[in-house]
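The chain contents come next:
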Amino acid sequence: MTEDRTPAVSDNPEGLAAEEEIKGRKNGLYSEVSDELAASMKSGWADTELRDLRPIAQAPFTAGRRAALSARFPGERLVVPAGRLRVRSNDTDYAFRAASEYVHLTGDQSEDAVLVGEPAGDGHAFHLYLRPRSDRENGEFWLDGYGELWVGRRHSLAEAEVLYGLPCRDVRKAAEELAAGTGTTRIVRGHDAELEEALGEALDADRDEEFKVFLSGLRLVKDAWEIGELRAACTATVNGFTDVVRELDRAVATSERWIEGTFWRRARVEGNDVGYGSIAAAGPHATTLHWVRNDGDVRPGELLLLDAGVETTNLYTADVTRTLPINGRFDALQRKIYDAVYDAQEAGIAAVRPGGRFRDFHDAAQRVLAERLLAWGLIDPAVYDLEKVLELGLQRRWTLHGTGHMLGLDVHDCAHARREAYVDAELVPGMVLTVEPGLYFQQDDLTVPEEYRGIGVRIEDDILVTAEGNENLSAGLPRRADEVESWMAGLTG
Ligand code: GLY
Ligand code: MN
Ligand code: MN
């Protein structure tokens with residue numbers, strides 16, 4: 001570290017490292033940097049500071065979320081890291097995706113960043129630690145592989161203060177400054193090992209677990225801005241499914257990868273990415289719940305189970321599944337199974353309403369599926385009645401998973417919230433959840449007739465709890481078998 005540097009165009013007055021150190025660091029094959037070149041690179045750059053910025057649209061909402069956090073942990077220092085880049089191989093990193101807790105409380109997505117709340121008065125004074133613009137004086141901006149010349153312009157700290165409505169400091173001082181602080185501290189673990197180590201003794205595992213649980217529960221009810229994001233995620237997802245149907249013939253000619261890639265293109269153009277690994281499962285792959293290898297054949301006459309969701313640029317994701325006949329028409333058995341899942345989903349969606357319990361839609365959907373399994377003789381009605389099947393959970397050999405989950409910044413949002421606030425709670429307006437029953441007959445399941453084996457059906461939609469009942473945010477995609485067929489026919493003509 002060196003202190004005696006004059007700031008150039010950047011807002012990096014402290015500097016990161018001495019010029020000689022930077023010059024020697026990441027200069028690839030061309031390691032010789034003459035003094036003349038180094039001098040040349042220091043000057044001749046325009047002032048690009050953005051001076052007419054406005055706060056992000058989400059700013060009033062993030063401030064409200066921080067206020068709720070502050071009220072819950074008075075007198076304690078709160079640390080919420082965004083996370084760090086992770087190496088994929090050698091000198092290439094995975095695409096960065098900021099931690100949901102950090103995004104929820106700030107609206108920012110910068111790698112390495114940290115939100116800190118210092119106890120102040122009755123509440124907290126929050127600030128952000130961010131990486132400032134790259135230093136031009138010491139060559140960081142062009143000689144360091146993470147300099148702005150390589151990775152793109154960042155916001156200056158002054159710009160970020162306007163955008164996020166928070167004082168901003170240089171993140172390279174975060175560990176030192178936080179380690180020097182005193183008092184009870186909580187951190188969201190798992191995102192920034194360096195900070196956790198710097199805080200060391202100040203941290204306590206139970207306290208941090210309580211912190212995580214609270215932040216997860218804070219996301220249970222979505223505000224108006226978040227609901228807008230989830231609507232946008234669903235709209236883009238509908239577009240992605242439409243793209244896939246239009247390109248099914250090319251998938252038949254290649255593999256499931258064409259489907260994955262087609263959806264992903266839409267996700268990258270209209271959003272940030274997919275919110276989770278797309279499941280493009282053709283034929284018997286549909287019976288593997290998390291089939292993300294997506295390297296199989298796509299055969300006319302079989303079904304395609306596509307479970308995919310676009311994540312918006314603000315990182316809210318949809319989570320939608322459609323099971324489509326690859327040749328455009330369900331055969332009789334496919335339709336029978338599809339209709340059972342459809343009826344289960346209808347019963348599930350009907351159970352989503354304020355005052356209802358989270359478990360209700362699962363129970364309603366499972367009841368329909370168990371009835372069908374009995375009616376088809378896959379569970380022997382001479383041995384079990386419906387109530388006994390449900391009591392013993394026998395239908396679960398073929399229904400396999402829960403019927404839904406909260407949705408938001410994470411596909412399985414609020415997963416760490418208290419049971420009493422989520423799984424055992426009543427639904428309230430503003431919650432957004434999936435309803436996604438399925439039936440899956442494994443290829444090697446000797447307990448079902450041969451013609452069932454290798455068929456998997458799931459239908460999944462994203463449901464907003466409203467004051468009156470619910471709204472299906474992904475209703476832009478048809479669900480009923482005949483509607484699916486006519487929609488596909490219209491697209492493939
Ligand atoms: N796509 C994961 C899920 O449906 O929960
Ligand atoms: Mn889901
Ligand atoms: Mn899904």
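Residues numbered from 1 in each chain as written. Chains lettered and ligands numbered in written order. Predicted model: local features only at pLDDT ≥ 70, side-chain atom pairs only at ≥ 80, totals over all residues. Heavy atoms only, no water.

**Observations concerning the sheet that holds strand S5 (residues 123-130)**
This is how the line gets drawn: Only strands joined by at least two bridges in the DSSP assignment are considered to pair. Think of it this way: any DSSP run of H or I at least four residues long counts as a helix, any run of E at least two long counts as a strand, and we number them from the N terminus. The axes are straight lines fitted to the C-alpha atoms, using for helices just the contacting stretch, and the angles between their N-to-C directions are given from 0 to 180°. Only heavy atoms enter the contact rule, under which two residues are in contact if any of them lie within 4.5 Å.
Spatially, the five strands line up as an open sheet ordered S6-S5-S4-S1-S7, and their pairing is mixed. If you trace the sheet from one side to the other, it starts and ends with strand S6 (168-170) and strand S7 (185-187), each paired once. Direction aside, the axes of adjacent strands within the sheet are offset by 25° on average. Strand direction decides the pairing type here: S5 and S6, joined by three bridges, are parallel. Its bridge partner being in S6, Tyr129 is matched across the sheet by Arg169. Those strands touched by helix H3 (residues 59-72) are strand S1 (77-81), strand S4 (114-120) and S5, and its axis lies near 125° from that of S5.

**Overview of the side chain of Thr106**
For clarity, the threshold we go by: N or O atoms within 3.5 Å of each other form a polar contact, as long as, within protein, one can give a hydrogen and the other can take it, and as long as residues adjacent in sequence are counted only when both atoms are side-chain atoms.
Within the fold, Thr106 resides in helix H4 (residues 100-106). At 2.8 Å, the side chain of Thr106 forms a polar contact with the backbone oxygen of Tyr102. With residues up to four places along the chain from it excluded, the contact list for Thr106 reads Ile56, Thr62, Arg66, Leu115, Leu128 and Tyr164.

**A short note on the coordination of the manganese ion (ligand 2)**
Put simply, the rule is: Atoms are scored as donors when they are N, O or S and lie within 2.8 Å of the metal, with 3.2 Å used for Na, K and Ca; no water is included, so coordination may look incomplete. A four-donor site is called tetrahedral if each angle lies between 85 and 135 degrees; a four-donor site is square planar, and a six-donor site octahedral, when trans pairs exceed 155 degrees and the remaining angles lie between 65 and 115; all other cases are labelled irregular. The buried label goes to any residue with under 20% of its type's maximum accessible area, the exposed label to any with over 50%, and the partly exposed label to all in between, with areas taken from a 1.4 Å probe on protein chains only.
Every protein donor of the manganese ion (ligand 2) is listed here as Asp319 (OD), His405 (NE2), Glu436 (OE) and Glu460 (OE), and their distances to the metal cover 2.0 to 2.1 Å. Here the manganese ion (ligand 2) binds six donor atoms, and the angle range of 52 to 156° at the metal identifies the geometry as irregular. Read in sequence order, the donor residues coordinating the manganese ion (ligand 2) give the pattern D-x85-H-x30-E-x23-E. Between the manganese ion (ligand 2) and the manganese ion (ligand 3), a spacing of 3.3 Å is present, and a bridge between the two is formed by Asp319. Taken together, the residues span a long stretch of sequence, with His405 in the loop between helix H17 (396-399) and strand S13 (432-435) and Glu436 in the loop between S13 and strand S14 (438-440) at a distance of 31 residues. Here His405 falls in the buried class, since its relative accessible area comes to 9%. When its relative accessible area of 8% is taken as the criterion, Glu436 is described as buried.

**What to know about the coordination of the manganese ion (ligand 3)**
All of the protein donors around the manganese ion (ligand 3) are Asp307 (OD), Asp307 (OD), Asp319 (OD) and Glu460 (OE); their distances to the metal are 2.0 to 2.3 Å. Seen from the manganese ion (ligand 3), its six donor atoms lie at angles of 58 to 169°, and the figure they make is irregular. Mapped onto the sequence, the donors of the manganese ion (ligand 3) take the spacing D-x11-D-x140-E.

**Overview of the pairing of S5**
The side chains of a regular strand alternate, residue by residue, between the two faces of the sheet. S5 sits mainly inside the fold: seven of its eight residues count as buried. Sheet topology note: the S4/S5 ladder contains seven bridges and is antiparallel. Residue pairing across strands places Pro119 opposite His124, the latter belonging to S5. In textbook terms, the turn of a hairpin is the stretch between consecutive antiparallel strands, and for S4 and S5 this stretch comprises two residues, one of which, Gly121, has a positive phi near 60°.

**Here's the deal with the pairing of strand S9 (residues 279-282)**
Along S9, one buried face is formed by Ile279 and Ala281 and the opposite face, lined by Ala280 and Ala282, is buried too. Note that S9 and strand S10 (residues 303-308) share four bridges and pair antiparallel. Bridge pairing in S10 links Ala282 to Leu304.

**Description of the sheet that holds S10**
Read from one edge of the open sheet, three strands run S9-S10-S12, paired in antiparallel fashion. Edge positions in the sheet fall to S9 and strand S12 (320-325), since each of these pairs with one other strand and no more. The average undirected angle you get between the axes of adjacent strands in this sheet is 10°.

**Considerations on the site of ligand 1**
Rules: Any residue with a heavy atom positioned within 4 Å of a molecule or strand is treated as near that molecule or strand. Using a 1.4 Å probe, accessible areas were evaluated by the Shrake-Rupley method; residue-level cover was limited to the displayed protein chains. Here the term charged refers only to Asp, Glu, Lys and Arg, the term nonpolar to Ala, Val, Leu, Ile, Met, Phe, Trp, Tyr, Cys and Pro, and the term polar to all other amino acids, Gly among them.
Close contacts around ligand 1 come from Tyr276, Asp307, Asp319, His405, His412, Glu436 and Glu460, and that covers them all. The side chain of Asp319 places a nitrogen or oxygen atom 3.2 Å from an oxygen atom of ligand 1. Interatomic distance of 3.0 Å between a side-chain N/O atom of His405 and an oxygen atom of ligand 1. Starting from 190 Å² of accessible surface for ligand 1 in isolation, the protein chains cover 90%. Considered class by class, the residues forming the shell around ligand 1 number one nonpolar, two polar and four charged.

Such coordinate-based values are descriptive only and should not be taken to indicate function.
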